[in-house]
Each structure stands twice: as structure tokens, then as C-alpha cells.
Amino acid sequence: MTDHTYTSLHTMGQQLDRRSWAEPYKIKAVEPLHMTTRAQRDAAMVAAGYNTFLLPSRDVYIDLLTDSGTNAMSDRQWAGMMLGDEAYAGSENFYHLEQTVAECYGYKHLVPTHQGRGAENILSQALISEGDHVPGNMYFTTTRLHQERAGATFHDVIVDAAHDTSSLDGFKGNVDLAKLQALIDEVGADKIPYVCVAATVNMAGGQPISMANVKAVRELTATYGIPIYLDATRAMENAMFIQEREEGYRDKPIAEILLEFCSYSDGATMSGKKDPLVNIGGWLSTNDPEVFEAARNMVVVYEGLHTYGGMAGRDMEAMAIGIREALSDDYMRSRIGQVRYLGSLLDQWGVPFVKPVGGHGIFLDARAFYPQLTQEQFPAQTLAAELYLDSGIRAMERGIVSAGRDALTGENHHPRLELTRLTIPRRVYTQAHMDVVAESVKACFETRESVRGLRMVYEPQYLRFFQARFERL
Ligand SMILES: *Cc1c(COP(=O)(O)O)cnc(C)c1O
């Protein structure tokens with residue numbers, strides 16, 4: 001096995017030195033952006049209580065809040081919308097989506113859902129019994145919640161490097177096989193209904209998992225008869241990282257890599273709002289006829305009939321087309337390349353962020369920005385506010401505010417990482433926008449010493465990061 005340490009920019013960065021590269025698409029329809037003045041942004045930030053989630057999008061210039069459902073669709077996808085067959089049962093578009101998922105991901109059975117969490121709910125209820133344990137390579141908010149609501153305890157079995165911003169390991173999303181084995185030994189295989197493997201790992205900064213690792217997880221769990229379900233939300237982006245970094249995959253198209261990757265699993269939950277280049281939708285897929293049967297029974301309760309599951313026919317058509325478009329190597333290279341381009345600019349100016357750059361965004365290290373602030377003065381929340389005030393760019397906090405409070409003691413969780421996330425929507429912004437973003441981050445970095453923190457003046461009971469309000473200290 002090769003050394004996965006990943007220090008330099010791959011071909012994209014090298015090409016940058018010699019020749020420029022550009023997006024492999026051109027613009028057919030434009031959506032004007034809203035330009036604001038500093039005075040307008042000052043007023044908007046106060047009105048939003050220094051929380052970027054509370055800003056109306058009309059006050060935002062470049063919106064990097066999330067890559068979820070913010071994708072730009074192609075002309076072909078929009079044309080596909082006109083082919084929407086809005087029959088209640090057996091819509092033509094369902095069969096197209098079913099066939100596309102079978103061909104691109106390799107799964108036999110498909111249950112459409114309104115978005116990823118709908119699939120998580122159904123899978124969790126179908127497989128988990130009270131008192132079960134579900135291991136996963138770092139948690140995702142909605143995924144873990146559904147597993148817990150179905151009666152399971154979640155166990156993080158990701159490699160330690162995932163929690164270390166200074167580690168340059170190329171596969172920081174990998175499952176730690178020793179941790180997984182230890183859990184199996186502790187609770188017993190019959191208490192583990194499945195292993196949940198995410199590709200890429202969102203909460204670790206979009207870090208990938210290697211083919212060798214998923215294969216090893218398969219070998220280990222197969223001896224105990226434990227199935228593997230993927231959170232395949234960004235599995236295509238993961239495939240690009242495998243092509244770049246893992247021995248033996250350099251000459252394989254990502255379409256082939258994705259199929260092999262999924263072949264080590266029994267099924268997947270999927271958010272259409274990420275890889276598949278649409279704005280809404282999701283699905284659950286499985287190779288297990290019994291799980292399929294259970295899921296088909298349940299989808300009619302929570303989502304809709306088993307041939308639409310909460311999506312309009314036109315949405316299923318756009319997703320089927322989007323899946324094929326996202327599996328183009330040229331597109332995916334530009335997708336990851338754009339994120340990396342932003343990272344390379346920031347790196348050149350010494351701005352601190354999580355490395356190596358992951359698939360869907362740049363995670364700024366707010367603690368390193370503001371050593372003068374304690375964690376209770378909300379460094380990452382402060383940086384998100386400063387960025388907006390500087391240029392109208394919208395980022396999101398991933399630190400103490402997002403981590404919330406301990407349910408028993410009521411004390412704040414103190415996560416090791418205090419990050420401000422710049423998430424890049426797919427096919428929406430150009431390299432020029434990335435320049436503007438980088439320069440704004442640089443401006444905030446240069447004035448970092450004079451920045452004071454925030455105090456929280458309103459705290460909602462659940463998922464406080466969405467609606468909490470702050471004032472300047
Ligand atoms: C977005 C996301 C989900 C949930 O999908 P929704 O479509 O938002 O319900 C699950 N897992 C990961 C890793 C995600 O990024």
C-alpha cells in the first residue's frame with residue numbers, strides 16, 4: 001500500500017502554474033447577485049443577531065452556507081423537467097431513476113424519498129432494534145438522530161487523524177478497523193444491525209475513505225454477517241479522491257471506481273441534494289430483498305407511494321440526468337479543483353484551515369485566527385460574521401455553537417475544532433468568485449488582531465446554531 005500522506009496539490013495545482021483551467025461548462029441563464037454596501041451589511045448583521053442563518057438571502061452576495069440543494073442544473077436537466085410524468089403510480093421517471101441508480105451505483109432495488117433523511121429514517125426503522133449499536137466513520141447530524149430514535153447507540157469508529165487538523169493523511173475518512181473490531185467484541189455481532197460508512201465524511205471536512213479501507217471493512221464484517229450501508233451522499237466526490245490518491249486507480253474513470261466502491265456494501269442512503277446535481281430528493285437502495293420489502297412497506301407511511309416517495313416525476317428525471325452528469329471526470333475534476341483552487345490561494349497567504357482540502361468546502365481554523373478569544377466568545381461564529389461584514393459572503397459556524405450542550409449536565413460541549421465553513425455549491429460560482437472569497441478571507445485575516453468576540457443573547461432549545469442570536473462584546 002502506498003503512503004497516503006498528501007502534501008502537495010495534485011495535477012490541478014501543477015496545471016495552475018503552467019496553464020489556466022476553467023469550468024467545463026458555460027453560462028446560459030444568469031441569476032443576478034445582490035450587491036450591498038458596508039452600511040447595509042452592518043445593519044443586516046445586527047438584525048440577524050450575528051447569525052448567518054438568520055440573514056435573508058437577498059442580503060447575501062456569495063452564498064457559501066451549504067452545498068446542499070444549492071446545485072445549478074444543466075440545460076439537459078431543465079429539459080428533463082418537461083418530461084415529468086406526474087402519474088401517481090408507476091411514473092416513467094421513476095423507472096429511469098431506478099435504472100440509472102442500478103447502472104451507476106450497482107444496487108438492485110430503489111426506494112425514492114423526499115431527501116436523504118427520509119431514507120435514513122426508513123433504513124433505521126427497518127434494521128435497528130432497541131438496544132442495538134451502529135458504528136460509523138464519524139457521525140452526521142440527521143443520520144445519527146434517526147439511528148438513535150430507532151433505538152441504537154452510535155459509535156464513532158473513524159481513524160484518529162480525522163480529528164486532527166494538522167494531519168495531512170490523504171484518507172482521513174477511513175474506518176479504524178481496530179475500533180470496529182473492539183466494538184464487535186464488546187457488544188457482539190448480533191447487536192450490530194449494520195455498519196454505516198460515509199463517503200466522503202462531511203463532518204470531518206469532506207475527507208475521503210479509500211477503496212482498500214472499505215474493502216477491509218467488508219472483509220471484517222462479512223465474517224460476522226454484518227451488512228454495510230453507505231451514506232453515499234458524496235460517494236462520487238470520494239471516487240475522484242481515490243482516482244487521485246490510491247494506487248491502481250489513476251487510469252480508471254470515476255464511474256468505474258464508484259461501482260467498485262458500492263460493490264463492498266449492501267445498499268445506501270442518499271441525499272440527491274449533493275452529488276446528483278439537483279435541488280431536492282433522495283433515495284434508499286439495497287440489494288437485500290427483505291430490506292427492500294420492509295422499506296417499500298414503510299415509504300408509503302412517511303414519504304409517498306414507492307414509485308415517487310416525496311419527489312415529483314420531474315424531480316426524479318432531473319436527478320437521473322444529474323447522476324450521469326456528475327459521473328463525468330471533467331466535471332468532477334473542476335468541482336474538486338474549484339474547492340482546491342480557493343484553498344491554494346488561502347494557503348499562499350498563510351491563512352489557517354483544515355488540510356488536506358476536502359471535497360465540498362474550506363474549513364477555516366477560527367481558533368488560529370483569533371487566539372485572543374476564548375471558546376465562549378465564539379471564534380468561529382465571529383469569523384463568519386466578520387466575513388459577511390467585509391464582503392457579503394455567507395459562511396457557517398462549526399464549533400461550540402453547533403456542538404450544543406450536554407443533555408444531562410447542561411454544560412456546553414467544547415469541541416476541539418472551532419471551524420468556519422465555506423461550502424462551495426456545485427456549478428454555481430466561477431473562479432472569479434473564488435478570488436473574491438479568498439481576498440475577503442485574507443482581509444479578515446489581516447485585521448484579526450483587532451477583533452473582539454460575541455456573546456449569546458438568545459439560545460433556542462434544539463439545534464441552537466440555526467436560530468441563536470448574538471451581540472458584539
Ligand atoms: C446532507 C446530508 C445528509 C442528509 O441529507 P438531506 O437530503 O439533507 O436530508 C446525510 N448525510 C450527509 C453526509 C449529508 O451531507
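Since we're looking at a predicted model, the values are computed, not measured.

Novice: Just checking my understanding: could you explain unusual backbone geometry for this structure?
Specialist: Trans peptide bonds make up most of the peptide bonds, and negative phi angles are found at most residues other than glycine. T200 follows A199 through a cis peptide bond whose omega is -10 degrees. Relative to the helices and strands, T200 is located in the loop between β5 (195-198) and α8 (211-222). For the peptide bond that leads from K355 to P356, omega is -5 degrees, which places it in the cis range. Residue position: P356 is located in the loop between α13 (329-348) and β9 (361-365). Unusually for a residue other than glycine, M138 sits at a positive phi of about 70 degrees.

Novice: Would you take a moment to explain the environment of D275 for this structure?
Specialist: One can find D275 in the loop between β7 (267-271) and β8 (282-286). Take D275: its relative accessible area is 1%, and that puts it in the buried class. Excluding anything up to four places from it in sequence, D275 contacts A232, T233, R234, A235, M236, E237, M270, A326, M332 and R426. In this structure the side chain of D275 is engaged in a polar contact, spanning 3.0 Å, whose partner is the backbone nitrogen of A235.

Novice: I would appreciate a short explanation of the pattern of salt bridges in the present structure.
Specialist: Oppositely charged side chains may form a pair once their charged atoms are brought near each other. What the rule picks out here adds up to 23 salt bridges. Here R394 ties to D63 by a salt bridge, and the two come within 2.8 Å at their closest N and O atoms. Highlighted residues: R394 in strand β10 (residues 393-394) and D63 in strand β1 (residues 62-63), separated in sequence by 331 residues. Here E244 and R340 are joined by a salt bridge, their closest N and O atoms 2.9 Å apart.

Novice: Explanation requested: the packing of aromatic side chains in the structure shown.
Specialist: Two descriptors summarise a pair of aromatic rings, namely the distance from one centre to the other and the angle between the planes of the rings. One pass over the structure, following the stated rule, counts 10 aromatic pairs. Centre to centre, the rings of Y194 and Y229 are 5.8 Å apart; their planes meet at 85 degrees, and the pair counts as edge-to-face. In this pair, Y194 sits in the loop between α7 (177-187) and β5 while Y229 sits in strand β6 (residues 228-231), placing the two residues 35 residues apart along the sequence. The residues Y194 and Y229 share a single accessibility class, namely buried. A centroid spacing of 5.2 Å and a plane angle of 70 degrees characterise the contact between F378 and F470, whose relative ring orientation is edge-to-face. With a gap of 92 residues between them, F378 in the loop between α14 (366-369) and α15 (379-391) and F470 in strand β14 (residues 469-472) connect regions that are remote in the sequence. Over the ring of F465 we find R398; its NZ or CZ atom is 5.1 Å from the centre of that ring. Sitting over the face of the ring of Y331, R427 holds its NZ or CZ atom 5.9 Å from the ring centroid.

Novice: Even after reading the chapter, I still don't get the nonpolar core, so can you show me in this structure?
Specialist: Inside soluble globular proteins, nonpolar side chains tend to come together where they are buried. If you look at the biggest cluster of nonpolar residues, it comprises 59 residues, and the most contacted ones within it are L97, Y105, W283 and I323. For this core, the two domains that each supply at least three residues are domain 1 (10-63 + 329-472) and domain 2 (75-326). If sequence neighbours within four positions are ignored, L97 has contacts with L110, M311, M316, M319, A320 and I323. Judged by nonpolar contacts, the second largest core, of 33 residues, contains Y61, I393, M434 and F445.

Novice: Please explain the site of the ligand as it appears in this structure.
Specialist: Taken together, 14 residues surround the ligand, and among them G116, R117, D231, S271 and K274 come closest. Side-chain polar atom of N202 to an oxygen atom of the ligand: 2.9 Å apart, as the coordinates give it. Take R234: an N or O atom from its side chain is 2.9 Å from an oxygen atom of the ligand. For the ligand, whose accessible area on its own is 380 Å², the fraction buried by protein is 96%. The set of elements that each furnish at least two residues to the shell around the ligand consists of α5 (116-127) and α6 (141-149).

Novice: What exactly am I supposed to notice about the packing of α7 against α8 here?
Specialist: The axes of two packed helices give the description: the angle between them and the distance between them. Contact geometry of α7 with α8 gives a least axis separation of 11 Å together with a crossing angle of 20 degrees. As summarised for this structure, α7 and α8 are arranged roughly parallel, according to the angle between their axes. Judged by the sense of rotation from one axis to the other, the crossing of α7 with α8 is right-handed. Here L177, L180 and Q181 of α7 lie close against α8, whose contacting residues are A216, V217, L220 and T221. A per-class count over the contact of α7 with α8 returns five nonpolar, two polar and no charged.

Novice: Would you mind going over the sheet that holds strand β11 (residues 396-398) with me for this structure?
Specialist: Neighbouring strands of a sheet are bound in pairs by backbone hydrogen bonds; such pairs are parallel or else antiparallel. The sheet built from three strands is open, its strands ordered β9-β12-β11 with antiparallel pairing. The strands lining the two open edges of the sheet, one partner per strand, are β9 and β11. Between one strand and the next, the sheet's axes are offset by a mean angle of 35 degrees, whatever the strand orientation. Of the strand pairs in this sheet, β9 and strand β12 (residues 419-423) are connected by five bridges, and their pairing is antiparallel. By the bridge assignment, I362 is partnered in β12 with L422. Relative to the sheet, α13 contacts β9 and β12, its axis offset from that of β9 by approximately 30 degrees.

Novice: Got a minute to help me understand the packing of α15 against helix α17 (residues 431-446) in this structure?
Specialist: Here α15 crosses α17 at 115 degrees, and the two axes come no closer than 9 Å. When the axes of α15 and α17 are compared, the crossing they make is right-handed. Residue-level inspection shows L383, E386, L387, D390 and S391 of α15 in contact with α17, the latter providing S440, V441, A443 and C444.

Novice: Hey, could you run me through the pairing of β5 in this one?
Specialist: Along β5, one buried face is formed by V195 and V197 and the opposite face, lined by C196 and A198, is buried too. As paired strands, β5 and β6 are joined by four bridges and run parallel to one another. Bridging across to β6, V197 finds its partner in L230. In this region the chain leaves β5, passes through α8 and returns to the parallel neighbour β6; the handedness of that crossover is right-handed.

Novice: Sorry if this is basic, but what is going on with helix α10 (residues 254-263) here?
Specialist: Along an α-helix, a turn takes 3.6 residues, which lines up residues three or four apart on a common side. The complete set of buried residues in α10 reads I254, I257, L258, F261 and C262. In a view along the axis of α10, the buried residues occupy a sector of 130 degrees, so they form one face of it. Where α10 is buried, its residues contact α4 (92-104), α8, β6, α9 (235-245), α12 (313-326) and α13.

Basis of the calculations
Residues numbered from 1 in each chain as written. Predicted model: local features only at pLDDT ≥ 70, side-chain atom pairs only at ≥ 80, totals over all residues. Heavy atoms only, no water. Helix = DSSP H or I, 4+ residues; strand = E, 2+ residues; numbered from the N terminus. Buried < 20%, exposed > 50% of the residue type's maximum accessible area, 1.4 Å probe, protein only. Contact = heavy atoms within 4.5 Å. Polar contact = N/O pair within 3.5 Å; in protein donor to acceptor, adjacent residues only side chain to side chain. Salt bridge = Lys/Arg side-chain N within 4 Å of Asp/Glu carboxyl O. Phe/Tyr/Trp six-rings, centres within 6.5 Å; stacked < 30°, edge-to-face > 60°. Lys NZ or Arg CZ within 6 Å of the ring centre and 35° of its normal. Core = buried A, V, L, I, M, F, W, Y, C linked by side-chain atoms within 4.5 Å. Domains from an automatic or database assignment. Near = heavy atom within 4 Å. Areas by Shrake-Rupley, 256 points an atom, 1.4 Å probe, with all protein chains shown as cover. Axes fitted to C-alpha atoms, helices over the stretch in contact; angles between N-to-C directions. Parallel < 35°, antiparallel > 145°, perpendicular 65-115°, else oblique. Left-handed = near helix turned anticlockwise from the far one by under 90°. Nonpolar A, V, L, I, M, F, W, Y, C, P; charged D, E, K, R; others polar. Pairing = 2+ DSSP bridges. Right-handed = clockwise from strand over helix to strand, strands pointing away. Arc of directions from axis to C-beta.

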